[in-house]
Amino acid sequence: MKRALIVIDVQESFRRRPSWAEVSNPGVVGQVNRLVDLARDSGDLVVWVLHSEPGSGDVFDPALGHVRLMDGLTPLDDEPLLTKTSHNAFTTTNLQQTLTARGVRELLVSGIRTEQCCETTTRVGSDLGFDMTFVTDATATMPLPHWRTGAVLGVQEVIERTEYVLAGRFARISDVATLTGS
């Protein structure tokens, strides 16, 4: 096994936020499932990652019951399900050790928060020496208001900027159709 699919934060917590109404890819579960099928058919590892903020009282607090995969996503018993408390999937989990122990060298990245959790995981993975592929249409994000002015960066701009930052430096940029051959 040399390749793994990382599914980041495709969890119910995000659908509970008002910003979900403006998500870039409401069909992200379908796109992720196409990648999951590809990975399983190829004998690649699938790693599921959830984001948790214990004690926060918001939708990422596991006590509220929303820190779970969205309906339609079902890990197999031998597929790791990790819970992180940082933006990237490496820092607060044993993801690197899990991948290294299985001989994985190439990662496909998908999930929610194109510009945040998916992007930072891609950059950290690249820094750790993994060969990274960012699968843009298997990610989703919401508009980003500027922290000071309130001006909003639309989802298409967020996606374009994320691809611009990652492409050629940290990752290859791909899409589901190219990877699945359909």
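Residues numbered from 1 in each chain as written. Predicted model: local features only at pLDDT ≥ 70, side-chain atom pairs only at ≥ 80, totals over all residues. Heavy atoms only, no water.

## A look at the nonpolar core
Core analysis: the largest hydrophobic core is formed by 28 residues, its most contacted members being Leu 5, Val 7, Val 10, Trp 20 and Ile 112. For this core, the elements supplying multiple residues, two or more each, are strand S1 (3-8), helix H2 (28-42), strand S2 (45-51), strand S4 (106-112) and strand S5 (131-140). The dominant element in this core, judged by the number of residues it contributes, is H2, at six residues. Setting aside anything within four residues of it in sequence, one finds Ile 112 in contact with Ile 8, Asp 9, Val 10, Gln 11, Phe 14, Trp 20, Met 70, Cys 117, Cys 118, Ala 140 and Met 142. Formed by 22 residues, the second largest nonpolar core is a distinct cluster that contains Leu 82, Leu 107, Cys 117 and Ala 171. (Core = buried A, V, L, I, M, F, W, Y, C linked by side-chain atoms within 4.5 Å. Buried < 20%, exposed > 50% of the residue type's maximum accessible area, 1.4 Å probe, protein only. Helix = DSSP H or I, 4+ residues; strand = E, 2+ residues; numbered from the N terminus. Contact = heavy atoms within 4.5 Å.)

## Overview of helix H5 (residues 155-166)
The first and last C-alpha atoms of H5 sit 17 Å apart over twelve residues, in line with the 16 Å expected at 1.5 Å per residue. Looking only at H5, the buried set comprises Val 158, Ile 159, Thr 162 and Leu 166. Buried residues of H5, seen end-on, are gathered within an arc of 95° and therefore sit on one face of the element. Facing away from the buried side of H5 by more than 90 degrees, the exposed set consists of Arg 161 and Tyr 164. Close packing links the buried residues of H5 with helix H4 (114-127), S5, strand S6 (144-145), strand S7 (152-153) and strand S8 (172-174). (Expected span 1.5 Å × (residues − 1). Arc of directions from axis to C-beta.)

## Considering H4
Its 14 residues place the ends of H4 18 Å apart at the C-alpha level, agreeing with the 20 Å of an ideal helix rising 1.5 Å per residue. If you follow the buried residues of H4, they end up packed against S1, strand S3 (81-84), S4, S5, S6 and H5. With its phi angle positive at about 95°, Gly 129 sits one or two positions after the end of H4.

## A word on the pairing of S1
With respect to burial, S1 is a largely interior element, six of its six residues being buried. Side-chain alternation along S1 places Arg 3, Leu 5 and Val 7 on one buried face and Ala 4, Ile 6 and Ile 8 on a second face that is also buried. The sheet contact formed by S1 and S4 spans six bridges and is parallel. The residue bridging Ile 8 from the neighbouring strand is Gly 111, located in S4. Judged from the five bridges that link them, S1 and S2 form a sheet pairing that is parallel. If you follow Val 7 over to S2, its bridge partner there is Trp 48. (Pairing = 2+ DSSP bridges.)

The values are spatial; any link to function lies outside them.
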